[in-house]
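Remarks on the overall topology
Given next are the chains, with one letter for each unit.
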Amino acid sequence: MTSPPATHEPLSRTARATRTRILEAARRELGRNADSSLGDIAEAAGVARRTVYAHFAGRAALVGGLAADAGEAIRVAIAVIDAPGSVARQAPDAASALARVVLTLWPVGDRYRTLIGLARQGLGANEFSGLLTPVRDKVTGILARGQRQGVFHTGIPPGPLSRALEAHILAVLDSVNSGNWTDDGTGAATSTLIAAGTDRDVAASTVRRLRDAN
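First, a word on scope: everything that follows refers to the structure included in this document. Bear in mind that the values here come from a model prediction, so they are computed numbers and not experimental data.

1. Brief notes about the nonpolar core
- L98 and L115 are the most contacted members of the largest nonpolar core, which totals 58 residues.
- The greatest single-element share of this core, amounting to 11 residues, is contributed by helix α6 (residues 94-111).
- Ignoring anything within four residues of it in the chain, the contact list for L98 reads V139, I142, L143, F152, L165, T192, L193 and A196.

2. Brief notes about the packing of α6 against helix α12 (residues 200-213)
- Viewed as axis vectors pointing N to C, α6 and α12 meet at an angle of 60 degrees, and their least axial separation amounts to 10 Å. Taken together, the axis directions place α6 and α12 in an arrangement best described as oblique. The chirality of how α6 crosses α12 is right-handed. Every residue of α12 that contacts α6 at A95, S96, A99, R100 and L103 is listed here: T206, V207, R209, L210 and R211.
- Of the residues assigned to the contact of α6 with α12, the class counts are five nonpolar, two polar and three charged.

3. Thoughts on empty space enclosed by the protein
- Per the stated rule, a full pass over the model turns up one cavity of 30 Å³ or more.
- Estimates place the volume of the largest cavity at around 430 Å³.
- If you go around the largest cavity, you meet 26 residues; those closest to its centre are L105, L132, V135, I169 and L170.
- Breaking the lining of the largest cavity down by element, the ones donating at least two residues are α4 (59-82), α6, α7 (114-120), α8 (125-131), α9 (133-149) and α10 (158-177).
- Among the elements that take part in the lining of the largest cavity, α6 stands out by supplying seven residues, more than any other.
- Partitioned by chemical class, the residues of the lining of the largest cavity number 20 nonpolar, three polar and three charged.

4. Regarding the pattern of salt bridges
- Evaluation of the coordinates by the stated rule reveals nine salt bridges.
- For D110, the salt bridge identified is with R113, shortest N-O distance 2.4 Å.
- A salt bridge links E166 to R136; the shortest N-O distance between them is 2.6 Å. A residue pair is termed long-range when its members are at least 10 positions apart, and E166 in helix α10 and R136 in helix α9 qualify at 30 residues.
- Note on E166: relative accessible area 16%, which makes it buried.
- A relative accessible area of 13% places R136 in the buried class.

5. Description of α12
- For α12, which comprises 14 residues, the first-to-last C-alpha distance of 20 Å matches the rise-based estimate of 20 Å (1.5 Å per residue) to within 8%.
- Here α12 has its buried residues at A203, T206, V207 and L210. Mapping the buried residues of α12 onto a view down its axis gives an arc of 90 degrees, with all of them on the same face. Residues of α12 that are exposed and point over 90 degrees away from its buried face: D201 and D212.
- Looking at where α12 begins, the residue whose side-chain oxygen comes 3.0 Å from the main-chain nitrogen of D201 is D199.

Thresholds applied
- Residues numbered from 1 in each chain as written.
- Predicted model: local features only at pLDDT ≥ 70, side-chain atom pairs only at ≥ 80, totals over all residues.
- Heavy atoms only, no water.
- Core = buried A, V, L, I, M, F, W, Y, C linked by side-chain atoms within 4.5 Å.
- Buried < 20%, exposed > 50% of the residue type's maximum accessible area, 1.4 Å probe, protein only.
- Helix = DSSP H or I, 4+ residues; strand = E, 2+ residues; numbered from the N terminus.
- Contact = heavy atoms within 4.5 Å.
- Axes fitted to C-alpha atoms, helices over the stretch in contact; angles between N-to-C directions.
- Parallel < 35°, antiparallel > 145°, perpendicular 65-115°, else oblique.
- Left-handed = near helix turned anticlockwise from the far one by under 90°.
- Nonpolar A, V, L, I, M, F, W, Y, C, P; charged D, E, K, R; others polar.
- 1 Å grid on protein atoms, 1.4 Å probe; cavity = no way out; pocket = protein on both sides within 12 Å on 5 of 7 lines; lining within 4 Å.
- Points joined across faces, edges and corners; volume = space filled by probe spheres on them.
- Salt bridge = Lys/Arg side-chain N within 4 Å of Asp/Glu carboxyl O.
- Expected span 1.5 Å × (residues − 1).
- Arc of directions from axis to C-beta.
- Polar contact = N/O pair within 3.5 Å; in protein donor to acceptor, adjacent residues only side chain to side chain.

Given below as structure tokens:
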């Protein structure tokens, strides 16, 4: 006789709060030192190490939890961008749409920039790459529109250009992570437009206009 499949009960409010506290501690500690141990993270979270293991089977699972949270934050940001009435959706010019994407996603990238360093070490690299798929698709579409409008340069197809801009933004986030630069997204959005082929003055004024509108 076979046993019925195991079911997973929803976490209680206390368990969800504990899991969130562990993930917050992991984000901080791994951002400070990518080699932080589960013991370090447990201490920072104010819980016993066995409590961490009760929620995450190990370090890889903990990184996966961070990636899952980041993925949800990205999905929410994309939903905001795609919402009726949003600037990115209604903007007649692709430069405004691209700048809006960067500005909307910057807080997410800033919050989870710890994952960049972890991915470089091979920890959760596949999960991290997969997180960016909806952003890549969104940006590729905007770049294609901008190339048709003559707003962005056409020497590189939209797909590869999107990956190049992605690398640029990740490098900027990494500089913030290492303390070499500070930015609220304005510099990242402006430099991304310039890298895509927008005139420098137009890029600056576009981002400034969006900032003022917000």
